[in-house]
Amino acid sequence: MAMTQHDRLLIIDFGSQVTQLIARRLRELNVYCEIHPYQNVTDAFLADFAPKAVIFSGGPASVLDADSPRPPESVFQMGVPILGICYGQQVMMQMLGGRVERGHGTAEFGRAYVTPSEDRIDLLTGWFLEGREQVWMSHGDHVSEIAPGFQVYGTSPNAPFAITADLSRNFFAVQFHPEVHHTPNGKTLYENFVRLAGFTGDWTMGAYRDEAIKKIREQVGDKQVICGLSGGVDSSVTAVLLHEAIGDQLTCVFVDHGLLRLNEADEVVTMFRDHYNIKLIHADESDLFIGALEGGSDPEVKRKTIGKLFIDVFQREANKIEGAEFLAQGTLYPDVIESVSFSGGPSVTIKSHHNVGGLPEKMGLKLVEPLRELFKDEVRALGHELGLPASFIGRHPFPGPGLAIRCPGEITREKLEILRKADAVYIDQIRKHGLYDEIWQAFVAILPVRTVGVMGDGRTYDYACALRAVTSVDGMTADYYPFSHEFLGETATRIINEVQGINRVTYDITSKPPGTIEWE
């Protein structure tokens, strides 16, 4: 259950693809909220969770189906403000005495415009300043009759009940999705809702840090904790937070598989061992990993080889730490949400961190997951709060298997060395042009082909490489970054001049979907 000292908002999830966005919007307003699937929200759950307000998400079902998702009736008797969104509006109307009908020409998908009624309400403060508001609709069914006590405060051409409210009970319902980017003023609506619900915005990273430290101390006591450190943001913030909480009871294990970027292993060791004075085991096993990978080209075999060796090495090093009872992981809230099956209730285990796999069970360790209530942007904010360098916190994501999946085809030490150098030049170019923070992820892939080139008076026969740079919010979808031709030309020239072994540079302009961000 959540941290009890905060006012809490409950989001009841009816299966919408964008429910996480509701939580993101609320967290941005410093409001603590949790998402729970409707079937887990029982009368007992509501009494225990004691939310200060409730939001019903959208969802793909029809309230007219016999087994359609419903919240418990008791949610309407709690005396707290409720906001129903899309399917959430329809389920409110259906349960409270209104009527919902099948589409029949009133379905709406995409951009729409809502105009206000003559009466104005606090939920809509800051709305309709220019007469109408753009919103994003996504509904087949429609409300044909609002429930007793409700009035209409906004309409669209296909949704005569686009915004409704029962002010005596602080029940609000909208047919559109205020959480998505295509409802530009949606954040204001959420801001108004949490204000009228009495939230004070006490969910800050400073408060989270203090509470997390207290929770870690209570959970761990005087026992030893092992933390798998990859050098990524999640595991690094986990390690620094744990070290603040329990000091020398923490030992970090950094498995160096030889597939990191240029000088990366040295940077990780220097920062954690020297700067933070954290006990760190640096297991340099690059020969073991690269030896096992050399000559192989199948991407799945590469991943499995790296994963198996990682577990073997981690377990060997961790076994040297006497009295260890806990394993720390950088599990984030999206991992927790994704591990709860919408139709089948919560799964037994939370999705494993990509670096740790099944180690907790295998080693008989208990888990410490101090970031499991946070989104990625909140982890970065916590990193700032903990004093981690801004350049480190803002680093682009880096895959667990490292450069192995940026080296399609056969892996050799020579190709990895060329790749490291080319990648370093590319990232240096991006930083020099002030573009690093605009890009979600950027890297070089070395291609499994050699091409003919001309350098000076001689011919060359060297590798081609592909530059990749994408913009994204969460990595689920991505667009290629629109570099100028001047930037690409300058970067290609630098790579060819400074990196021996590459004589041709290409730029990958595939979006995701249909492509993936990484090449393998």
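Residues numbered from 1 in each chain as written. Predicted model: local features only at pLDDT ≥ 70, side-chain atom pairs only at ≥ 80, totals over all residues. Heavy atoms only, no water.

Trainee: I'm lost on the packing of helix H5 (residues 205-220) against helix H6 (residues 233-246) in this one. Help?
Mentor: The description of two packed helices rests on the angle between their axes and on the distance between the axes. The interhelical angle for the contact between H5 and H6, taken along N-to-C directions, is 65 degrees, at an axis separation of 9 Å. Relative to H6, the element H5 lies roughly perpendicular. In the packing of H5 onto H6, the handedness of the crossing is right-handed. Of the residues in H6, those touching H5 at Arg209, Ala212, Ile213, Ile216, Arg217 and Val220 are Leu241, Leu242, Glu244, Ala245 and Ile246. (Axes fitted to C-alpha atoms, helices over the stretch in contact; angles between N-to-C directions. Helix = DSSP H or I, 4+ residues; strand = E, 2+ residues; numbered from the N terminus. Parallel < 35°, antiparallel > 145°, perpendicular 65-115°, else oblique. Left-handed = near helix turned anticlockwise from the far one by under 90°. Contact = heavy atoms within 4.5 Å.)

Trainee: Quick question: what am I supposed to make of the UniProt feature "active site" (unreviewed entry) in the protein chain here?
Mentor: The sites that UniProt annotates as "active site" (unreviewed entry) are Cys86, His177 and Glu179. Spanning 94 residues, the named residues form one tight spatial group whose C-alpha atoms are at most 11.3 Å apart. Each residue touching histidine 177, except ones within four places of it in the same chain, is listed here: Ser16, Val18, Gly58, Ile85, Cys86, Trp136, Ser138 and Thr183. Tracing the backbone shows glutamate 179 in the loop between strand E11 (171-174) and helix H4 (186-196). For glutamate 179, a relative accessible area of 0% gives the class buried. Ignoring any residue separated from it by four or fewer positions in sequence, one finds glutamate 179 in contact with Val18, Leu21, Ile22, Arg25, Ile85 and Tyr190. (UniProt positions renumbered as here; feature names shortened; annotations may be inferred. Buried < 20%, exposed > 50% of the residue type's maximum accessible area, 1.4 Å probe, protein only.)

Trainee: Sorry if this is basic, but what is going on with the domain arrangement of the protein chain here?
Mentor: How big an interface is tends to be reported as the loss of accessible area on association of its parts. What the domain assignment reports for the protein chain is domain 1 (9-197), domain 2 (205-394) and domain 3 (413-507). Between domain 2 and domain 3, the contact holds 10 residues from the first and six residues from the second. Buried area between domain 2 and domain 3, both sides added, is near 800 Å², and the carbon and sulfur share of it is 51%. A salt bridge links glutamate 294 to arginine 413; the nearest nitrogen and oxygen atoms lie 3.8 Å apart. In this assembly, domain 2 and domain 3 are joined by three residue pairs in polar contact (both at pLDDT 80 or more). Here the residues of the side of domain 2 that touches domain 3 sort into four nonpolar, three polar and three charged. (Domains from an automatic or database assignment. Buried area = accessible area lost by both parts, 1.4 Å probe. Salt bridge = Lys/Arg side-chain N within 4 Å of Asp/Glu carboxyl O. Polar contact = N/O pair within 3.5 Å; in protein donor to acceptor, adjacent residues only side chain to side chain. Nonpolar A, V, L, I, M, F, W, Y, C, P; charged D, E, K, R; others polar.)

Trainee: Looking at this structure, how should I read the packing of aromatic side chains?
Mentor: Two numbers describe a pair of aromatic rings. These are the distance of the centres and the angle of the planes. For the coordinates displayed, the defined rule picks out 18 aromatic pairs. Pairing phenylalanine 14 with phenylalanine 56 gives two aromatic rings, centres 5.9 Å apart and planes at 90 degrees, and the pair type is edge-to-face. One end of the pair, phenylalanine 14, is in the loop between strand E1 (8-13) and helix H1 (19-28); the other, phenylalanine 56, is in strand E3 (residues 53-56), and 42 residues separate them in sequence. The burial state of phenylalanine 14 is the same as that of phenylalanine 56; both residues are buried. Aromatic rings pair up to connect Phe14, Tyr38, Phe56, Phe76, Tyr87 and Phe171 into one cluster. (Phe/Tyr/Trp six-rings, centres within 6.5 Å; stacked < 30°, edge-to-face > 60°.)

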